[in-house]
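# A closer look at the structure
The chain contents come next:
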Amino acid sequence: MDGVTLLSDYQPYPFEIEKVSMVFHLAPDATRVRSTLALTPRAGAADVHLDGEELRLVSIAIDGAPLAPEAYRVTETGLTIAAGALPAGPFELQTEVEIAPAKNTALEGLYMSNGMYCTQCEAEGFRKITFYPDRPDVMARFHVRIESDLPVLLSNGNPAAQGAGFAEWDDPWPKPAYLFALVAGDLRATSGTFTTASGRKVDLNIWVRPGDEARCDFALGALQRSMKWDEQAYGREYDLDLFNIVAVDDFNMGAMENKGLNIFNSKLVLASPETATDLDYERIEAVIAHEYFHNWTGNRITCRDWFQLCLKEGLTVYRDQSFTRDVRLGALKRIDDVASLRARQFREDAGPLAHPPRPSSYREINNFYTATVYEKGAEVVGMLATLLGGEGYRKALDLYFDRHDGQACTIEDWIKVFEDASGRDLSQFKLWYTQAGTPHLSVSERFENGTYTLDFEQVTAPTPGEPEKPPRHIPIAVGLLGPNGDEVVPTQVLEMTQGRQSFSFSGLAAKPVPSILRGFSAPVVLERDTTPAEQAFLLAHDTDPFNRWEAGRNLARDTLIAMAQGGAPAPDYIAAVGQMLGDATAMPAFRAACLRLPGEDEIASALAANGVVPDPDAIRAARRDLMKALAQTHEAALVAAYEAHAVPGPYSPDAGPAGQRALRLATLALLSTLDAGARAKALFSDATNMTESIGALGLLVAQGTGQAELDAFAARWASEPLVMDKWRSVQAMLSPPEAAVEVVTAIAESGAFEWKNPNRFRSLLGGFAANHAGFHRADGAGYALYADWLIKLDPLNPQTAARMSTAFETWRRYDATRQTHAQAALKRIAGAPGLSRDLSEMVGRLLE
Ligand code: TRP
Ligand code: ZN
């Protein structure tokens, strides 16, 4: 097929690159890049093919001698030098190109953001900087000279020289081009140090624009905590004298792990109590950790090709999740991670964009930075850790670092490490990497003569291109509780490898209550005929905090499913919430998590899975009715909890106080259905931190009130774009669905909306896509508005436009009228003139 890259076509690059030297002469419209590549043929004669896009070639020479025009050929995608024009042995290839960073709106390659130069090379951005074999299995040492009058000039590695108008950098570690980075600008550092376990002192800097220095302390501390943790948990030390982080305002994603020079979206660095929420603080810490952990899992050991992306991303997400579990509240972190896996990855797996963690073909690799590659990739690593146990997992990782340091690897290499470290055969387990889809695991039970048996069956529905689904190897963590709530069988891991399989527990005095899939030991949908009474029992007694929460979640989901189809709130659920609310032994953060109802999209997905066409308005009404019923029944307890959990004293982002604020906001959300927003208004006006300020504002917006508060907020924060993103988000996401299209349109069309900046665009349009009943409005106005903006963004920034098109991935769930409108919107995008490869691949898959 045209323009498709296949895993099966992989060929090694025929040259080795001993060394790369680059000189950048920076200018907004005409930056000159001179590159010298020291090339050695691996075996025999071969053409040199270098990737290159949007480059103006100024000169080209081999070993100092200019190449004759007939010796090479330049196309839209690269440069080829015929084998016949090359010396027999090693040689140096020099090129000079001109590029225009100021005109680069795609934010890939070298671009400008608020007067500073910066780069983004993953996955294939380096080819927009110079001619080069832009593929991760070509690893080389880089020396970089930057010429510019700007005061701060940074690149990867260690500083080598600097003087008036220039700086030179030397990176001793061979790396693929996607890890290259360069930054130049008027920047200020917040600095610190870290001394590694072997006693080496590393200088740390967080670079930001003048004025933002006061908001960097938390990020610096997070970096130090991450460095320490990686030494303790994985035995991994940092390997340069310097670690730089730079915050950039225009950025397509969260952050990037460039060697020794991480570049971050500024919203994932800058934090102060007045401007950042508890969740922002938690994310900043997690992303700083994630990018730092890539230094070993991604940089020292990288990917052979982009099909292996989950080798670095799944593992690094698993590592950052483990870190956050260790430094914050472990059980709560697991609950949040699973909730987000279900909301994003299960949704992806159930629709037209489903793909395996390791796909086998793509048109645009940027479209595969997905929840499946990242979050499901992390779950698969977690299952390996469960199967091998803590010590076995550590032994396997030690072997991985020993065996593969400095290499570009595959999922096969990774699996082999686990097989060699454990002596186990993991060939069936490997299906988790190579097949798409979420297995459905159903279970029934028997109890005879003191023996309790669980009968499991696994079924995975077909996904695009994969009609057959052989059984997976599924680790199922199970514990059993006695009738009085005591645990009679502590957690053990059952290993299911067949389509149907039974497991027995003998010597039991009475029929136990099973707690299945503890800690969410596998990314599957568990189906079990159970009673509300049994779920309430687990919510009260399970020793596994994840399954305790899960029991409450099941109750809430089941009652919402019934209510969305005309039923009444389930009394068992209402009573269970009352019990949980009154359980003073449970952490506030846990109680907050239990009070939060499943989102509208999750209910729609559950209905669709049961073969019911979801009605977004009925779902929204059901959710609001249930909130009101809970508030009416438990008003006194909610008021008491709300008042008891005010946090006195100065703000701290720690998990303890953050959990108290979460519980307060969760109770306030319920109480707001009774008091017309009176308490939320009071909290808004008293708030001294952004968590409470934006939390209260969101509740008012959801009630269809709060205009005065919205205006006050805008007046106070007009000059803080990151804070105004929150102002746009709450309105787009929480405005009543009948008003949302108009609210979003008004904000979008006000002159103040800087839509070319991805954070601004996402705050408004991404917020709107999360307004379930607003986006899926029956007359199609939501789809049409969204399509208009994707069409407008695509020519400037295809990567972000394509990512955001996933809002449409569920369109086939809904009724015929909505489907007709969604399809029309998608076809309109598909027909837009000059549609990018990124967005055209996405729309093609969405319409298939
Ligand atoms: N590798 C980065 C991470 O996971 C993410 C990334 C990939 C990225 N492509 C990007 C970030 C483009 C910004 C822009 O941490
Ligand atoms: Zn990553």
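What you are looking at is a predicted structure, and each value in this text was computed from that prediction instead of being measured.

A few words on the site of ligand 1. If you check the shell around ligand 1, you find 15 residues, and the closest are Glu122, Glu257, Glu291, Glu313 and Tyr374. Between ligand 1 and the protein, one listed contact pairs a nitrogen atom with a side-chain N or O atom of glutamate 257 at 2.7 Å. Between a nitrogen atom of ligand 1 and a side-chain N or O atom of lysine 312, the distance comes to 3.5 Å. Contact with the protein chains hides 97% of the accessible area of ligand 1, taken as 370 Å² for the molecule alone. For the shell around ligand 1, the secondary structure elements donating two or more residues are β20 (255-256), α2 (278-293) and α3 (309-327). Among the residues making up the shell around ligand 1, the classes are represented as 6 nonpolar, 4 polar and 5 charged.

Moving on: the domain arrangement of the protein chain. In terms of domains, the protein chain is made up of domain 1 (5-186), domain 2 (302-434), domain 3 (440-524) and domain 4 (530-675). One C-alpha centre belongs to domain 1, the other to domain 2, and the line joining them spans 31 Å. Taken together, the contacts link 13 residues of domain 1 with 21 residues of domain 2. Counting each side, the surface lost to burial between domain 1 and domain 2 is near 1,500 Å², with a carbon and sulfur contribution of 58%. Viewed at the interface, domain 2 and domain 1 are joined by 1 salt bridge. For the pair domain 1 and domain 2, the interface holds 6 residue pairs in polar contact (both at pLDDT 80 or more).

With that settled, consider the coordination of the zinc ion (ligand 2). Around the zinc ion (ligand 2), the protein supplies His290 (NE2), His294 (NE2), Glu313 (OE) and Glu313 (OE) as donor atoms, at distances of 1.9 to 2.8 Å. Bound by 6 donor atoms, the zinc ion (ligand 2) shows angles of 45 to 161° at the metal and therefore irregular coordination geometry. The sequence pattern describing where the donors of the zinc ion (ligand 2) fall on their chain is H-x3-H-x18-E. Here histidine 294, found in the loop between α2 and β22 (302-303), pairs with glutamate 313, found in helix α3; they are 19 residues apart in sequence, far enough to count as distant. Each of the two residues, histidine 294 as well as glutamate 313, counts as buried.

Its place among the elements puts threonine 302 in strand β22. Here the side chain of threonine 302 touches tyrosine 178 through a polar contact of 2.9 Å, side chain to side chain. In this view, threonine 302 contacts Pro136, Met139, Pro176, Tyr178, Leu311, Gln407, Ala408 and Cys409; residues no more than four positions away in its chain are not counted.

Our focus in this paragraph is the packing of aromatic side chains. Tallying each qualifying case throughout the model produces 43 aromatic pairs. Aromatic side chains tyrosine 234 and tyrosine 393 sit 6.1 Å apart centroid to centroid with 85° between the ring planes, which places their arrangement in the edge-to-face category. Of this pair, tyrosine 234 sits in helix α1 (residues 217-234) while tyrosine 393 sits in helix α5 (residues 371-404), and the two are 159 residues apart along the sequence. Pair check on accessibility: tyrosine 234 and tyrosine 393 agree, each one buried. Pairing phenylalanine 775 with tyrosine 783 gives two aromatic rings, centres 5.3 Å apart and planes at 80°, and the pair type is edge-to-face. The class of phenylalanine 775 is buried, set by a relative accessible area of 1%. Across the ring face of tryptophan 173, the terminal group of arginine 300 is positioned such that the distance to the ring centre comes to 3.8 Å. Here the guanidinium or amino end of arginine 472 rests over the ring plane of tryptophan 432, the centre of that ring lying 4.7 Å away.

Parameters and conventions
Residues numbered from 1 in each chain as written. Chains lettered and ligands numbered in written order. Predicted model: local features only at pLDDT ≥ 70, side-chain atom pairs only at ≥ 80, totals over all residues. Heavy atoms only, no water. Near = heavy atom within 4 Å. Polar contact = N/O pair within 3.5 Å; in protein donor to acceptor, adjacent residues only side chain to side chain. Areas by Shrake-Rupley, 256 points an atom, 1.4 Å probe, with all protein chains shown as cover. Helix = DSSP H or I, 4+ residues; strand = E, 2+ residues; numbered from the N terminus. Nonpolar A, V, L, I, M, F, W, Y, C, P; charged D, E, K, R; others polar. Domains from an automatic or database assignment. Contact = heavy atoms within 4.5 Å. Buried area = accessible area lost by both parts, 1.4 Å probe. Salt bridge = Lys/Arg side-chain N within 4 Å of Asp/Glu carboxyl O. Donors = N, O, S within 2.8 Å, 3.2 Å for Na, K, Ca; no water. Tetrahedral: all angles 85-135°; square planar, octahedral: opposite > 155°, others 65-115°. Buried < 20%, exposed > 50% of the residue type's maximum accessible area, 1.4 Å probe, protein only. Phe/Tyr/Trp six-rings, centres within 6.5 Å; stacked < 30°, edge-to-face > 60°. Lys NZ or Arg CZ within 6 Å of the ring centre and 35° of its normal.

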